[in-house]
Amino acid sequence: MTFVVGVTGGIGSGKTAVSDRFAELGIVVVDADVASRVIVEPGRPALAKIAEHFGSDILQTDGTLDRAKLRTAVFKDPAERKWLEALTHPLIREEILSGLRNATSPYALLVSPLLVESGQNQLTQRVLVVDVPEELQLERTVNRDNNSPDQVKAIMAAQASRQQRLDSADDVIVNDGSLEQLHQQVDTLHQKYLEMSSQDS
Ligand code: ATP
């Protein structure tokens with residue numbers, strides 16, 4: 001099995017910027033968000049089960065999942081949320097595992113905003129946390145998305161705290177400088193992971 005580094009961090013912390021740099025260095029990146037969307041694509045068994053359970057109104061006219069409707073349906077109902085998670089979590093895990101198994105690079109990355117909370121860190125040998133001061137996180141996220149500072153603050157408050165994330169970290173990238181400084185930190189870790197993965201196999 002490939003040596004796997006899990007990458008996590010809060011909204012707008014820089015996970016994409018970090019994983020893009022690892023990808024430039026030739027490392028295969030598996031994205032948990034992508035996996036969670038793929039398993040409910042039309043034609044996949046999970047989508048038929050969701051439509052059967054919630055009614056076909058949960059689908060858009062083109063047959064794809066209406067994510068906003070599904071979010072609303074599970075938001076206020078813990079039993080529905082549990083049902084959905086029992087269906088999707090094992091499938092997401094399988095999708096991630098198949099991406100990791102197919103990885104041809106010396107090690108692979110699993111990027112997930114909920115790496116530790118979802119238990120996906122069990123698929124990794126190391127956890128790399130992208131850490132950022134909250135003011136900068138807010139500023140960068142507001143600039144990137146079309147959200148108000150209050151909306152972003154509410155999302156940040158609902159996520160794991162900075163300290164909770166750092167507690168589960170084996171390695172930390174502090175993303176409080178330029179992109180160039182971020183890349184330098186990635187390049188240093190890349191050398192370390194190459195060494196670790198060669199000793200692991
Ligand atoms: P999300 O979980 O919300 O998808 P993310 O953790 O993947 O976010 P990015 O999209 O990589 O975060 O970064 C958030 C924003 O901040 C982006 O617009 C990105 O270009 C910018 N950014 C990230 N790091 C830096 C940096 N060091 N300097 C300047 N801008 C940065």
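What counts, and where the lines are drawn
Residues numbered from 1 in each chain as written. Predicted model: local features only at pLDDT ≥ 70, side-chain atom pairs only at ≥ 80, totals over all residues. Heavy atoms only, no water. Phe/Tyr/Trp six-rings, centres within 6.5 Å; stacked < 30°, edge-to-face > 60°. Helix = DSSP H or I, 4+ residues; strand = E, 2+ residues; numbered from the N terminus. Buried < 20%, exposed > 50% of the residue type's maximum accessible area, 1.4 Å probe, protein only. 1 Å grid on protein atoms, 1.4 Å probe; cavity = no way out; pocket = protein on both sides within 12 Å on 5 of 7 lines; lining within 4 Å. Points joined across faces, edges and corners; volume = space filled by probe spheres on them. Nonpolar A, V, L, I, M, F, W, Y, C, P; charged D, E, K, R; others polar. Near = heavy atom within 4 Å. Polar contact = N/O pair within 3.5 Å; in protein donor to acceptor, adjacent residues only side chain to side chain. Areas by Shrake-Rupley, 256 points an atom, 1.4 Å probe, with all protein chains shown as cover. Domains from an automatic or database assignment. Contact = heavy atoms within 4.5 Å. Salt bridge = Lys/Arg side-chain N within 4 Å of Asp/Glu carboxyl O. Pairing = 2+ DSSP bridges.

A. Quick look at the packing of aromatic side chains. Enumeration over the complete set of coordinates arrives at four aromatic pairs. Relative to Trp83, the ring of Phe54 lies with its centre 5.7 Å away and its plane at 80°, an arrangement referred to as edge-to-face. Pair noted here: Phe54 is in helix H3 (residues 45–54) and Trp83 is in helix H5 (residues 78–101), with a separation of 29 residues, a long-range link. The exposure class assigned to Trp83 is partly exposed, which follows from its relative accessible area of 28%. Each ring, one from Tyr107 and one from Tyr193, has its centre 5.5 Å from the other, and the planes form 70°; the classification is edge-to-face. Remark: Tyr193 occurs in helix H9 (residues 179–200) and Tyr107 occurs in strand E3 (residues 107–111); sequence separation between them is 86 residues. In this pair, the class of Tyr107 matches that of Tyr193, namely buried. Linked through ring pairs, Phe22, Tyr107 and Tyr193 together constitute an aromatic cluster.

B. Structural context of the layout of surface pockets. The volume enclosed by the second largest pocket comes to roughly 170 Å³. What lines the second largest pocket is a set of 13 residues, among which Glu134, Gln137, Ala160, Arg162 and Arg165 lie closest to the centre. Elements represented by at least two residues in the lining of the second largest pocket include exactly strand E4 (126–131), helix H6 (134–144) and helix H8 (162–167). In terms of residue class, the lining of the second largest pocket is made up of four nonpolar, five polar and four charged.

C. Focus on the site of the ligand. In the vicinity of the ligand lie 14 residues, with Lys15, Thr16, Ala17, Arg144 and Asn175 positioned nearest. The separation between an oxygen atom of the ligand and a polar main-chain atom of Gly14 is 3.0 Å. At 2.7 Å, a side-chain N or O of Lys15 approaches an oxygen atom of the ligand. The fraction of the free accessible surface of the ligand (640 Å²) that becomes covered by protein chains is 72%. Elements represented by at least two residues in the shell around the ligand include exactly helix H1 (15–24) and H6. Top contributing element to the shell around the ligand by residue count: H1, with three residues. Per-class residue counts for the shell around the ligand are three nonpolar, eight polar and three charged.

D. Expanded view of the domain arrangement of the chain. When cut into domains, the chain gives domain 1 (1–27 + 108–194) and domain 2 (34–104). Distance between the C-alpha centres of domain 1 and domain 2: 24 Å. On the domain 2 side, the residues contacting the nine residues of domain 1 number seven residues. Put simply, domain 1 and domain 2 have zero salt bridges between them. For the pair domain 1 and domain 2, the number of links is one residue pair in polar contact (both at pLDDT 80 or more). With three residues, the top contributor of residues to the side of domain 1 that touches domain 2 is E3. Residue composition of the side of domain 1 that touches domain 2, grouped by class: six nonpolar, three polar and no charged.

E. Representation of the pairing of strand E1 (residues 3–8). Most of E1 is tucked away: six of the six residues are buried. Burial along E1 is two-sided: the face carrying Phe3, Val5 and Val7 and the face carrying Val4, Gly6 and Thr8 are both buried. Judged from the five bridges that link them, E1 and E3 form a sheet pairing that is parallel. In the strand pairing of E3, Phe3 is matched with Tyr107.

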